[in-house]
Amino acid sequence: MEPSNDVALDIIVTNVVSVFRTRCHLNLRTIGLEGNNVIYKPEVGKVLMKLRKPRITASIWSSGKIICTGATSEDEAKLGARRLARCLQKIGFKVRFSDFKVVNVLAVCSLPFQIRLIEFTKNNRPIASYEPELHPAATYRIKTLRSTVQVFSTGSITVTGPNVQSVASAVEQIYPLLFECQKTLV
Amino acid sequence: MESGAVSLYERAYSHPSFIQVSLQKKEVLGGCCVLSTCRQHNWPVAMCTINSLLEAEPMLMGVVYQDLVKALDLQPPPTASLTDMLESYCYGYKLAPGEVPDVFAETPEQLVQRSAALVELAADVWLVTGRHPLPILMACVYVAWQSLKPKDRMKHSLQKFCQIARLPKDACGACKETPLRRVRELRDVLCKLGRELPWMRGGAVEPKTVATLVEDILKHQKSLLLKAMRSYEEEVEQEVREAAESRQDDVLSSTESLLAGQLSGRDQGPVTPAQDVPPARQPKSGESMLEASGGSNKTTEESAPPAGEEHWGRRHLFLPPCARNVKRRREESPGPHVTGEEEISDSEIESYIRSAEEIRSYVEFQKKMTEN
């Protein structure tokens, strides 16, 4: 049985992690004092700042490096990062929004069948690994796309990759391999 | 194998990843090397077993094992299948004739044979995939032991069975409740299959007494599975049909009440001014009734979700337990289309910055807190 070419899968991006630099030193105490929705963590040397629209959380270091998490698309991540840079400018820092980069995208997808994990791992060794005593999902690493797919027996898969395009390609690549190992009920 | 494990340990010990680690981690590293060597030689050993011998944290063992595979670039050896592990696992139970009273005694071969059949059944009905192997093995061995002499053994709990078999206390890892859960799940499946036995005539099978039927269930396993799934599908279809019919009846009754209301409204029309009810209200009441009936229609429709939207798990009898009660993902309304290059207005940024007064109050509050 071959996989049909007309299968439409919903790949839902749940998290996009991005970084950017402000090209200036940031006084974390000032940000903690003058910013709203901020948590100053002096023990780890960072400030957490949460934006409402888009809903993202930013970790701000005094070196000017900022990591943003929580966006659901690359464009949203950029908008959130720019908003954050504007906030810091308003507080009084000479911020220049630079080196913006999306570093990680996490997506989930639900396949319309269950999967035999042991068979999938055997057929795709050594790329696939499955340790039920450590984690209930089989892990499949695609080096060319720098992506990792975690496959659950229920047919749910989670994909992490450097960008949305690689995540989509990873799903396209793994689908036929999973289709071969689908579990038919007795 | 011993020399293989030793040489692997020597390689790992001198690797930069493991030079400056704690003594505990080094001990666990030894266990991981043994595990890796056993797997490479197809020797069925579970990670839990080595863990219990080392008395280490399972999480730490997992971390060290993955670091070992990565650091030495080992080919990830295949995990031993449950059936391979079962034989050595069964021999760990002290149930041979002579070791325990005859009522409890069972030869390892018989125990292995019955347990293997139960493990196969558990694998077919989604009780094995993605789960720790030892609790499932324990549950299968326990149910198998009970089923070999059900009259004398049905009354003994899992804990009692472990005492009789002289199992070590941490035989199953940290969580003691997992084997109990697996026993419950296995018995639940056996009850569903037992119901399909012709001489049960569709009657209910109790989990506590299902041990008496295990032999028959295992003998006719495949046909009972098919029969159980077929009858379940018929039940679900029947329920869907009944739900659709009741929805149709509700719609019909609400439209009838609406028509009746409209007719009574028209009848009351001329009388209304005498009753001090302004005529303008009539259409409003009619409208409100329309809205009410429309609303009630909506509520009846909403209360019984359409068949297409019900969870797919409802249609399958045997599913991974986690898939049976899946939490529905909250459907957030899709936000406006974003390009990332939009203009950012000052007003929205100001909501993220405290005003001077707020800063003053915050500083004063902090001072008071530190003083106290």
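Residues numbered from 1 in each chain as written. Chains lettered and ligands numbered in written order. Predicted model: local features only at pLDDT ≥ 70, side-chain atom pairs only at ≥ 80, totals over all residues. Heavy atoms only, no water.

Peer 1: Can you walk me through the overall build of chain A in this structure?
Peer 2: Counting its regular elements, chain A contains 4 helices and 10 strands. In summary, chain A has a C-alpha radius of gyration of 20 Å against a globular reference of 16 Å for 186 residues, an excess of more than 25%. With the principal axes as the frame, chain A shows a C-alpha extent of 65 × 35 × 25 Å. With 186 residues in all, chain A has 48% of them scored as buried. In chain A, once contacts between residues fewer than 6 apart in sequence are set aside, the share between residues at least 24 apart is 60%. When the accessible surface of chain A is summed, it comes to about 9,200 Å², and 48% of that surface belongs to carbon and sulfur atoms. Each charge class in chain A can be summarised by its mean position, and for the 25 positive and 14 negative side chains these summaries are 14 Å apart. (Helix = DSSP H or I, 4+ residues; strand = E, 2+ residues; numbered from the N terminus. Rg over C-alpha atoms; globule rule 2.2 N^0.38 Å. Buried < 20%, exposed > 50% of the residue type's maximum accessible area, 1.4 Å probe, protein only. Contact = heavy atoms within 4.5 Å. Areas by Shrake-Rupley, 256 points an atom, 1.4 Å probe, with all protein chains shown as cover. Lys, Arg positive; Asp, Glu negative; His and termini not counted. Charge placed at Lys NZ, Arg CZ, Asp CG, Glu CD.)

Peer 1: So what exactly am I meant to see when it comes to the domain arrangement of chain A here?
Peer 2: It is common to give the size of an interface as the accessible area lost on bringing the parts into contact. In terms of domain boundaries, chain A breaks down into domain 1 (16-103) and domain 2 (111-181). A straight line from the C-alpha centre of domain 1 of chain A to that of domain 2 of chain A covers 33 Å. (Domains from an automatic or database assignment.)

Peer 1: Quick question: what am I supposed to make of the interface of chain A and chain B here?
Peer 2: In this complex, chain A contributes 41 residues to the contact, which on the side of chain B involves 48 residues. For the pair chain A and chain B, the summed buried surface comes to about 4,100 Å²; carbon and sulfur atoms form 59% of the total. Where chain A meets chain B, there are 2 salt bridges. For the salt bridge of E350(B) with K90(A), the shortest nitrogen-to-oxygen distance reads 3.7 Å. Across the contact surface, chain A and chain B share 11 residue pairs in polar contact (both at pLDDT 80 or more). For the side of chain A that touches chain B, the secondary structure elements donating two or more residues are β1 (11-21), α1 (28-34), β3 (46-51), α2 (74-91) and β7 (128-130) of chain A. (Buried area = accessible area lost by both parts, 1.4 Å probe. Salt bridge = Lys/Arg side-chain N within 4 Å of Asp/Glu carboxyl O. Polar contact = N/O pair within 3.5 Å; in protein donor to acceptor, adjacent residues only side chain to side chain.)

Peer 1: What exactly am I supposed to notice about the sheet that holds strand β10 (residues 156-161) of chain A here?
Peer 2: Two strands in a sheet stick together by hydrogen bonds in their backbones, pointing the same way (parallel) or opposite ways (antiparallel). Residue and element names in this part refer to chain A. Strand order in the open sheet made by the 10 strands is β2-β3-β4-β5-β1-β6-β10-β9-β8-β7, with antiparallel pairing throughout. The open sheet has two edge strands, β2 (38-41) and β7, and neither has a second partner. Ignoring which end each strand starts from, the neighbouring axes of this sheet average 15 degrees apart. Pairing geometry for strand β8 (residues 138-142) and strand β9 (residues 147-151), over 5 bridges, is antiparallel. Its bridge partner being in β9, A138 is matched across the sheet by V151. Where helix α4 (residues 164-180) meets the sheet, its contacts fall on β1, β6 (98-110), β8, β9 and β10, and the angle it forms with β10 comes to roughly 140 degrees. (Pairing = 2+ DSSP bridges. Axes fitted to C-alpha atoms, helices over the stretch in contact; angles between N-to-C directions.)

Peer 1: Looking at this model, I keep getting lost on the pattern of salt bridges. Mind explaining?
Peer 2: Where charged atoms of side chains with opposite charge meet at close range, the side chains can pair. Residue and element names in this part refer to chain B. All told, the structure shown has 11 salt bridges over all chains when counted by the stated rule. As a salt-bridge pair, E185 and R131 come within 2.7 Å of each other at their nearest N and O atoms. Here the residue E185 occupies a position in helix α10 (residues 177-194), and R131 occupies one in the loop between α6 (108-124) and α7 (133-148), the gap between them amounting to 54 residues. Just as E185 is buried, R131 falls in that class too.

Peer 1: Can you walk me through the side chain of S153(A) in this structure?
Peer 2: Structurally, the position occupied by S153(A) is in the loop between β9 and β10. Since its relative accessible area comes to 8%, S153(A) is described here as buried. The residues touching S153(A), leaving out its near neighbours within four places in the chain, are Q114(A), I115(A), L117(A), W126(B) and T129(B).

Peer 1: Whenever I open this one, the packing of α7(B) against α10(B) confuses me. Can you help?
Peer 2: A pair of packed helices is characterised by two quantities: the angle between their axes and the separation of those axes. Residues and elements named next belong to chain B. At their nearest, the axes of α7 and α10 sit 8 Å apart, and the two run at 55 degrees to each other. As judged from the angle between their axes, α7 and α10 are oblique. Along this stretch, α7 crosses α10, giving a crossing that reads as right-handed. Note on element contacts: α10 touches α7 through T178, P179, R182, V183, L186, R187 and L190, opposite P135, I136, M138, A139, C140, Y142, V143 and Q146. (Parallel < 35°, antiparallel > 145°, perpendicular 65-115°, else oblique. Left-handed = near helix turned anticlockwise from the far one by under 90°.)

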